[in-house]
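Remarks on the overall topology
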Amino acid sequence: MSATIRDVAKLANVSVATVSRVLNGTAKVNEETKNAVLKAQKELDFHLNSFARTLATKESNTIGVLVSDISDPFFALMIKACDQTARSFKKSLIITQGFYDEEKEIEAIENLLSHQCCGIIAHLLAISDEKLATYMHKYPYIVLINRRLKGYEDRCVNIDNFNAMKALTEYLVGLGHKKFVYIDSEFDIADAKERLEGFLQTLNDHSLPIDDKYILKTKPYSENAVKTANTLIKMGVDKFSAIVCYNDSIAMSIINVFLNHGIKIPDDVSITGFDDLFFASVIYPSLTTVQNPIEKMGQEAVKLSFARFKKDDTFSISKFEAKILYRNSVKKI
């Protein structure tokens, strides 16, 4: 039969309340008593029942994180940052996925709420504004990443995708590029729309036309962009001088395929990404991209969510800067 908290208290010769204080870290206990409790816990192989604690306190030891797809390196960075911050609050993460699907996103939110998480960080792109607003109103500790929702801007953590992509495209135009290909995400998501709009606005500002056939869509993962890279080769890389990609994963895949076909980057064609994933600076050639500070965003989102759970409305976050990182995948015409 498993040991109970009363068994630990008896062996350590202290009260049940003292054992609880030591194991939960809720109050200071003198070193001698603390060591006695920890020794008894180890001897009896006792572990606190976190579910029972949640029922008693209405607060779990967990912070929920909902991402679209955990296999995406972008979300891996975000989760790592969220976990580091959660640990500073002595909390653990519960991670779930929405897969860019409204029904799955709703299931994921409900799952996190059922665990009574003391904070929820959510990357939600498929669920409607109306449904999302219902959750945001009812649960003031839900914080959104990469989405803006009217009326809840103080709990939306994002960057200015439009102006970031506009600045990147302006840089390419300034280097003499006039013939472009744009590789977009095939998901109907806000950040993809904003980045494409920033790109197109820049071309319009400089009276540079682009044929629709040079705006291609792919799933924003490396393995899915291989087909797109082969499509570009069939189109003929002499038809364009620069490829602007929705994210780094797409850009990386295209670079790899091109190099395997003897197409040199940036001598034959320039290419840019977006996000500045960890491999963007170590590949050859290193990738010119936009630094999307997702790690800092994840950290601040956890702090904001936990503060709101504790009914602390004083904590707020500032805007996050997305800056261009000039590397070797682009050349002047």
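These lines cover the structure that appears in this document, whether it is placed above or below. Because the structure is a prediction, the values reported are computed rather than measured.

What counts and what doesn't
- Residues numbered from 1 in each chain as written.
- Predicted model: local features only at pLDDT ≥ 70, side-chain atom pairs only at ≥ 80, totals over all residues.
- Heavy atoms only, no water.
- Buried < 20%, exposed > 50% of the residue type's maximum accessible area, 1.4 Å probe, protein only.
- Helix = DSSP H or I, 4+ residues; strand = E, 2+ residues; numbered from the N terminus.
- Arc of directions from axis to C-beta.
- Contact = heavy atoms within 4.5 Å.
- 1 Å grid on protein atoms, 1.4 Å probe; cavity = no way out; pocket = protein on both sides within 12 Å on 5 of 7 lines; lining within 4 Å.
- Points joined across faces, edges and corners; volume = space filled by probe spheres on them.
- Nonpolar A, V, L, I, M, F, W, Y, C, P; charged D, E, K, R; others polar.
- Core = buried A, V, L, I, M, F, W, Y, C linked by side-chain atoms within 4.5 Å.
- Axes fitted to C-alpha atoms, helices over the stretch in contact; angles between N-to-C directions.
- Parallel < 35°, antiparallel > 145°, perpendicular 65-115°, else oblique.
- Left-handed = near helix turned anticlockwise from the far one by under 90°.
- Phe/Tyr/Trp six-rings, centres within 6.5 Å; stacked < 30°, edge-to-face > 60°.
- Pairing = 2+ DSSP bridges.

This part takes up helix α7 (residues 129–138). Taken together, the buried positions of α7 are occupied by L132, Y135 and M136. Summarising the axial view, the buried residues of α7 lie within an arc of 100°, below the 170-degree limit, and thus occupy one face. Residues of α7 that are exposed and point over 90 degrees away from its buried face: E130, T134, H137 and K138. Each element contacted by the buried residues of α7 is listed here: α6 (102–114) and β4 (142–145).

Under the counting rule described, the total for this entry stands at one cavity of 30 Å³ or more. Of the pockets and cavities examined, the largest cavity occupies roughly 110 Å³. Residue lining of the largest cavity: 15 residues in total, with D72, F74, D191, Y246 and D275 positioned closest to the centre. Taken together, the elements giving at least two residues each to the lining of the largest cavity come down to α5 (73–88) and α9 (190–205). Grouping the amino acids of the lining of the largest cavity by side-chain chemistry returns seven nonpolar, four polar and four charged.

This part takes up the nonpolar core. By size, the foremost hydrophobic cluster in this structure holds 99 residues, and its most contacted members are I243, I254 and F258. Once residues lying within four places of it in the same chain are set aside, the contact partners of I254 are I183, A225, A229, L232, I243, C245 and I271. V22, V37, A40 and F46 belong to the second-largest nonpolar core, a separate cluster that totals nine residues.

Closest axis-to-axis distance for the helix α8 (residues 161–174)/α9 pair is 7 Å, and the angle between their directions is 40°. As the angle between them shows, α8 and α9 are arranged oblique. The two elements α8 and α9 cross, and the hand of that crossing is right-handed. Mapping the contact onto sequence places N161, F162, M165, K166, T169, E170 and V173 in α8 and D191, E194, R195, E197, G198, F199, Q201, T202, L203 and D205 in α9.

We now examine the packing of aromatic side chains. All told, the structure shown has ten aromatic pairs when counted by the stated rule. Between F74 and F75, the ring centres sit 5.4 Å apart and the planes meet at 75°, which makes this aromatic pair edge-to-face. The class for F74 is buried, based on a relative accessible area of 5%. Judged by relative accessible area, which is 2%, F75 ranks as buried. A ring pair is formed by F278 and F279, whose centres lie 5.1 Å apart and whose planes are at 70°; its orientation type is edge-to-face. Looking at F279, the relative accessible area reads 15%, which means it is buried.

This next bit is on the side chain of T272. Note on placement: T272 falls in strand β9 (residues 270–272). For T272, the contacting residues outside a window of four places in its chain are L168, L172, I243, V244, C245, A251, L287, T288 and V330.

In space, the four strands of this open sheet follow the order β7-β6-β8-β9, with parallel pairing throughout. This sheet does not close on itself; its edge strands, each paired only once, are β7 (215–218) and β9. On average, each strand axis in the sheet is tilted by 20° relative to the strand beside it, whichever way the strands run. As defined by bridge partners, strand β8 (residues 242–245) adjoins β9 across three bridges and the pair is classed as parallel. From the neighbouring strand, A242 faces β9, where its bridge partner is S270. Against the sheet, α9 engages β6 (180–185), β7 and β8, with an angle of about 165° to β6. The sheet contacts of helix α10 (residues 225–235) involve β6, β7 and β8, and relative to β7 the element is tilted by about 155°.

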